[in-house]
Each structure stands twice: as structure tokens, then as C-alpha cells.
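Take a look at the letters that make up each chain.
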Amino acid sequence: MSDTLPVIGFYSPSEDQTVYKTRLERDLPGFQFELLEHATKKERVEYALVWSPPNGLLQTFENLKAIFVLGAGVDALLRDPDLPEVPIVRLEDAGMAQQMAHYVIYGILRFQRRFGIYENLQASKHWEPILDIEPVEQFSVGVMGLGAIGSVVAEQVSRLGFPVLGWSTSPKEIDGILSFCGDDGLESFLAKARVVINLLPLTQTTEQLIDKDFLSRMSMDSFLINIGRGRHLKEEDLLEALKKKAIAGAMLDVFEREPLPRENQLWNHPNVIVTPHVAAITPPEGALDQIIGNIQLIEAGGLPSLVDRKKGY
Ligand code: GLV
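Residues numbered from 1 in each chain as written. Predicted model: local features only at pLDDT ≥ 70, side-chain atom pairs only at ≥ 80, totals over all residues. Heavy atoms only, no water.

Examining the packing of aromatic side chains
Stage number 1. For the structure shown, the criterion picks out seven aromatic pairs.
Stage number 2. Between Phe111 and Phe223 the ring centres are 3.7 Å apart and the planes differ by 15°, which places this aromatic pair in the stacked class. Here Phe223 lies in strand β10 (residues 223–226) and Phe111 lies in helix α3 (residues 96–112), a separation of 112 residues in the sequence.
Stage number 3. For Phe111, a relative accessible area of 10% corresponds to the buried category.
Stage number 4. Seen from their ring centres, Phe180 and Phe189 are 6.1 Å apart, and the 65° between their planes marks the pair as edge-to-face. Judged on exposure class, the residue Phe180 and its partner Phe189 are both buried.
Stage number 5. Taken together, the ring pairs connect Phe10, Tyr20 and Phe33 into an aromatic cluster. (Phe/Tyr/Trp six-rings, centres within 6.5 Å; stacked < 30°, edge-to-face > 60°. Helix = DSSP H or I, 4+ residues; strand = E, 2+ residues; numbered from the N terminus. Buried < 20%, exposed > 50% of the residue type's maximum accessible area, 1.4 Å probe, protein only.)

Next comes the structure, spelled out in C-alpha cells:
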């Protein structure tokens, strides 16, 4: 029987395939689960669940109905020159927004309450209270990218009492968030934000957006948190800005090259925190809820919200 069933194929160098297999076999018994690299009957593969597939892999399945990306960003997939012309569905939040919010809240509080300074003071057993804590209501946090993840992050930061500014490529309205958009809005947004958080999708418009010019528009006592993609940021321009004290510091989760090469100066810069692309780990159950719901929708003749290939998200 399973020899005739349509196939849901899976490819991910990082996700545990058994969690996906077990749940898909339980909830979608009309399909068979197979690993895409080992799929024997390629013409039976109707859905592909992927993270970072090698270029060219997906074009070998001629009856694909949709590609599901096991993450929020589709930039790597869209770089495949042989990507077949089938609908692409990415994850929308799926439990990642909460993790992203916690990551940035740690960064914001660390900067605002000077915990980095206390870590250094403790290392030298030096007791020196800093009493001029900046009030939260004067410490504006800027969130770039107000999609499914950015809007949750903005709301959670706002709930802590920080004024939140938002910036997006097209205008967005979120209650309690002062929103800016486009090139015109960027300058005022950057001038006001003490912490600038990048959550934009990586597209042709946003690639290397955070360059020398961008960093020079941030205030000298501001911090950058990059949890978008490494290619949003020109790392050499950031190092230069830190050297000139044009900004105060950065917390980076994503890099131009990952793993971050050992010789990269960001590793041991005193004002930079480096984490290894962990701001949010795709929660399999949250991802599966969305993917299963969307496969059922497609099978019933409907269409989930799709990635716009031109926009890149
Ligand atoms: C991770 O980087 C993602 O895009 O979900």
C-alpha cells in the first residue's frame, strides 16, 4: 500500500527527522514520509519540508505541490538557481517569536542595566556601583522588521516599559509602537533608538543595509542587536564604527560566515557579544502544526499564505 502513497519528503542538516516522521505519519496517514536525498520514487514526492537543501535537489521532484521551509527566512532557498516554480510556504512565528523576544530582552537589559560592566568588575573583584541608571522610559528600542516575529518582539519589549520604535520597508501600524518606514523614516528611527534590533528578512534591498552610513546615523551611546542574517551587516564597517566609538556595542547571533571563523575580530571584541545562531531554534511541534494545517488546506483546494519570490519573504 505504502508503495503507492504520495510522499512528503524531508531534508534538514539540523532538525531531528524522527520527530517530523512520527507526527506526519500520525496526522497525515495518506502520505508516506521519506528523506529527500534517498527518495526512491521521486515522482511521488508531493511536498518537501526543507532547511538549507543543496542547490538543485528540489528540481529533481517533478510533481511537487509545495515547498515548506523549516524556518522563517527563505533567502538561502531563493538562492538556488534551479528552484522549481512551486508555491513556497515559510514558518510564521511557530514559537520562534517568543524565543527572539527573550534573546533581545536579555540584550536590552544587559545594556541598559550595565551588566557587562559588572561582569568585568567582578572579574577584578572591584565593588563599584553605577548609580545613574537610565530610566526605561527614556531608553527607546528600535525594531527593524515588523512581520510575524518583529511585531511580537516589539510588543513584548514595550510591555517592559521601554518606548518602542518600529521600522519596516512598507508602512505598518502596531498599537503603542511608533512606526517609521522606507529610506525617509530610517534616519529619524536610527537617531532616536538606543538599541537597534535587526529582524528584517534578507532581500536584495536589505542586504548590507547595516553599513558605515547606517552605523553613523545611530547615536554614539547605542547598541546593535543582529538576529536577522549575517549578510545584513558589513562586519568590517561595524568593527570600524566600534573603533571610532560611533556606537557603543553589539550583540550578534548571525554572521557573514558561519561558523564565525576563529580569526574574526568580533570574537574577542570587548563590546561585542557573539552567539552561534541560536536566537530562535525552530520548535518542531509549532512548525508541524503549521505545516500539517497547510498541507490539509492545499489538499482541500485552498492556498496558504505564500512567499513572494520577488519580495524575498
Ligand atoms: C532561522 O534562521 C530562520 O530563518 O528561521
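Digging into the environment of Leu35
Stage number 1. Residue position: Leu35 is located in strand β2 (residues 32–35).
Stage number 2. Accessibility expressed as a relative area gives 24% for Leu35, which makes it partly exposed.
Stage number 3. With sequence-adjacent residues up to four places away left out, Leu35 is seen in contact with Phe10 and Gln17. (Contact = heavy atoms within 4.5 Å.)

Some details on the pattern of salt bridges
Stage number 1. With the rule as written, the count across this model stands at 17 salt bridges.
Stage number 2. A salt bridge links Lys65 to Glu46; the shortest N-O distance between them is 3.2 Å. Remark: Glu46 occurs in strand β3 (residues 45–50) and Lys65 occurs in the loop between β3 and β4 (66–69); sequence separation between them is 19 residues.
Stage number 3. A network of salt bridges, in which partner residues are shared, links Arg23, Arg26, Asp27, Glu285 and Asp289. (Salt bridge = Lys/Arg side-chain N within 4 Å of Asp/Glu carboxyl O.)

Side note on the layout of surface pockets
Stage number 1. Taken as a whole, the second largest pocket holds about 350 Å³ of empty space.
Stage number 2. Together, 16 residues line the second largest pocket, and Arg110, Gly116, Ile117, Pro270 and Asn271 are the ones closest to its centre.
Stage number 3. Only α3, α4 (115–123), β11 (249–252) and β12 (272–274) provide two or more residues apiece to the lining of the second largest pocket.
Stage number 4. In terms of residue count, the dominant contributor to the lining of the second largest pocket is α4 (five residues).
Stage number 5. When its residues are assigned to classes, the lining of the second largest pocket shows nine nonpolar, four polar and three charged. (1 Å grid on protein atoms, 1.4 Å probe; cavity = no way out; pocket = protein on both sides within 12 Å on 5 of 7 lines; lining within 4 Å. Points joined across faces, edges and corners; volume = space filled by probe spheres on them. Nonpolar A, V, L, I, M, F, W, Y, C, P; charged D, E, K, R; others polar.)

Overview of the site of the ligand
Stage number 1. Close to the ligand lie Trp51, Gly71, Ala72, Gly73, Met96, Arg229 and His277.
Stage number 2. The contact in question runs from an oxygen atom of the ligand to an N or O atom on the backbone of Ala72, over 2.7 Å.
Stage number 3. A per-class count over the shell around the ligand returns three nonpolar, three polar and one charged. (Near = heavy atom within 4 Å. Polar contact = N/O pair within 3.5 Å; in protein donor to acceptor, adjacent residues only side chain to side chain.)

As for the domain arrangement of the protein chain
Stage number 1. Taken as a whole, the protein chain is organised into domain 1 (7–94 + 282–299) and domain 2 (96–274).
Stage number 2. The C-alpha centroid of domain 2 is placed 33 Å from the C-alpha centroid of domain 1.
Stage number 3. Across the contact, 12 residues belong to domain 1 and 10 residues belong to domain 2.
Stage number 4. Summing the contributions of domain 1 and of domain 2, the shared interface buries around 780 Å²; its carbon and sulfur component is 53%.
Stage number 5. When the buried surface of domain 1 facing domain 2 is broken down by residue, Asp75, Arg79 and Asp93 rank first, second and third, together holding 61% of it.
Stage number 6. Summed over the shared surface of domain 1 and domain 2, the number is one salt bridge.
Stage number 7. At the boundary of domain 1 and domain 2, one finds three residue pairs in polar contact (both at pLDDT 80 or more). (Domains from an automatic or database assignment. Buried area = accessible area lost by both parts, 1.4 Å probe.)

A closer look at a nonpolar patch on the surface
Stage number 1. Taken together, Leu109, Phe115 and Leu160 make up a surface patch of nonpolar side chains, about 240 Å² in accessible area.
Stage number 2. Tracing the backbone shows Phe115 in helix α4. (Patch = residues over 30% accessible without salt bridge, like charges linked within 9 Å, V, L, I, M, F, W, Y side chains within 5 Å. Areas by Shrake-Rupley, 256 points an atom, 1.4 Å probe, with all protein chains shown as cover.)

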